[in-house]
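# Breakdown of the fold
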Amino acid sequence: MKINSLAKIKNLADKNVFLRVDFNVPLTGGRISEDYKIKCVLPTIEYLISQGARVIIASHLGEPDGRKEKDLTLKPVATRLKSLLKKPVNFVAESTGREVKEIVGKMKAGEIVFLENLRFNQGEYDNNLNLAKEYAALADIYVNDALAVSHREQASVSAIKKYLPAYAGLLLEKEIIAFNNI
């Protein structure tokens, strides 16, 4: 199986990378009870940062069915990521809109913006092309590092690839190679 590997990109410096991850981690009382999924994506994030990319992290948490649910905010995940990376992670309480565009527009090389739960927007579930265009407008490159959702027809997984060059993250590539070996 041919993989469009992140390592094939010659120059990531000053590129905005929309990084789709699976940070659907278990929460107990608003606290992460298991951070394995976060730790698995660290090599991809660290690689992108080391190459001078501006990283826009996008994930889901739970099944809010297009409604904002306080218990399913990704803010604790962003806080944990900041702790693991020992770098600033700018959490934005939205996944689209003017505020997101402004914050992403001010990013410098090596910085990270972490978007709010993508599934707070019904268009994510609907694989909405307009929503995918909004996500794509934030970035130069799309990187998928979320095997668990790769089969889903959702705006941040499927439709976005119509508007940006798409690559497998280091974790996704490793997982696909392991499956092929089996």
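Use the structure listed above.
Residues numbered from 1 in each chain as written. Predicted model: local features only at pLDDT ≥ 70, side-chain atom pairs only at ≥ 80, totals over all residues. Heavy atoms only, no water.

### Things to note about helix α5 (residues 129-137)
Structurally, the α-helix is built with 3.6 residues per turn, so residues lying three or four positions apart point the same way. For α5, the full list of buried residues reads Leu131, Ala132, Tyr135 and Ala136. Taken around the axis of α5, the buried residues stretch over an arc of 140°, which confines them to a single face. Across from the buried face of α5, at angles greater than 90 degrees, the exposed residues are Asn130 and Ala137. The N-cap of α5, judged by a side-chain oxygen 2.8 Å from the amide nitrogen of Asn130 a few residues on, is Asn128. (Buried < 20%, exposed > 50% of the residue type's maximum accessible area, 1.4 Å probe, protein only. Helix = DSSP H or I, 4+ residues; strand = E, 2+ residues; numbered from the N terminus. Arc of directions from axis to C-beta. Polar contact = N/O pair within 3.5 Å; in protein donor to acceptor, adjacent residues only side chain to side chain.)

### A short note on the pattern of salt bridges
Inspection of every chain in the model, using the stated rule, returns 8 salt bridges. Salt bridges sharing partners connect three or more residues here, namely Asp35, Lys39 and Arg80. (Salt bridge = Lys/Arg side-chain N within 4 Å of Asp/Glu carboxyl O.)

### Remarks on the sheet that holds strand β7 (residues 141-145)
One open sheet accounts for 6 strands, arranged β5-β6-β4-β1-β7-β8; its pairing is parallel. Each of the sheet's edge strands pairs with one partner strand only, and the pair in question is β5 (90-92) and β8 (166-168). Neighbour-to-neighbour, the strand axes of the sheet open up by a mean angle of 25°, direction not taken into account. For strand β1 (residues 16-21) and strand β4 (residues 54-58), the ladder comprises 5 bridges, and the chain directions are parallel. Its bridge partner being in β4, Asn16 is matched across the sheet by Arg54. (Pairing = 2+ DSSP bridges. Axes fitted to C-alpha atoms, helices over the stretch in contact; angles between N-to-C directions.)

### A short note on the nonpolar core
The biggest cluster of nonpolar side chains holds 34 residues, and the ones touching the most others in it are Leu19, Phe23, Ile45, Ile57, Leu81 and Phe114. Mapped by element, the contributors of at least two residues to this core are β1, α1 (36-50), β4, α2 (75-85), β6 (112-115) and β7. Broken down by element, the residue count for this core peaks at 6 residues, all from α1. Those residues in contact with Phe114 that sit more than four places away from it in its chain are Phe23, Ile57, Leu74, Val77, Ala78, Leu81, Val89, Asn90, Phe91 and Val92. Listed in part, the 24 residues of the second largest apolar core include Phe18, Val100, Leu115 and Ala139. (Core = buried A, V, L, I, M, F, W, Y, C linked by side-chain atoms within 4.5 Å. Contact = heavy atoms within 4.5 Å.)

### Some thoughts on the environment of Asn16
Relative to the elements of secondary structure, Asn16 occurs in strand β1. Take Asn16: its relative accessible area is 9%, and that puts it in the buried class. When neighbours within four sequence positions are excluded, Asn16 is seen to be in contact with Arg54, Ile56, Val104, Leu138, Ala139, Asp140 and Ile141. A polar atom in the side chain of Asn16 sits 2.4 Å from the side chain of Arg54.

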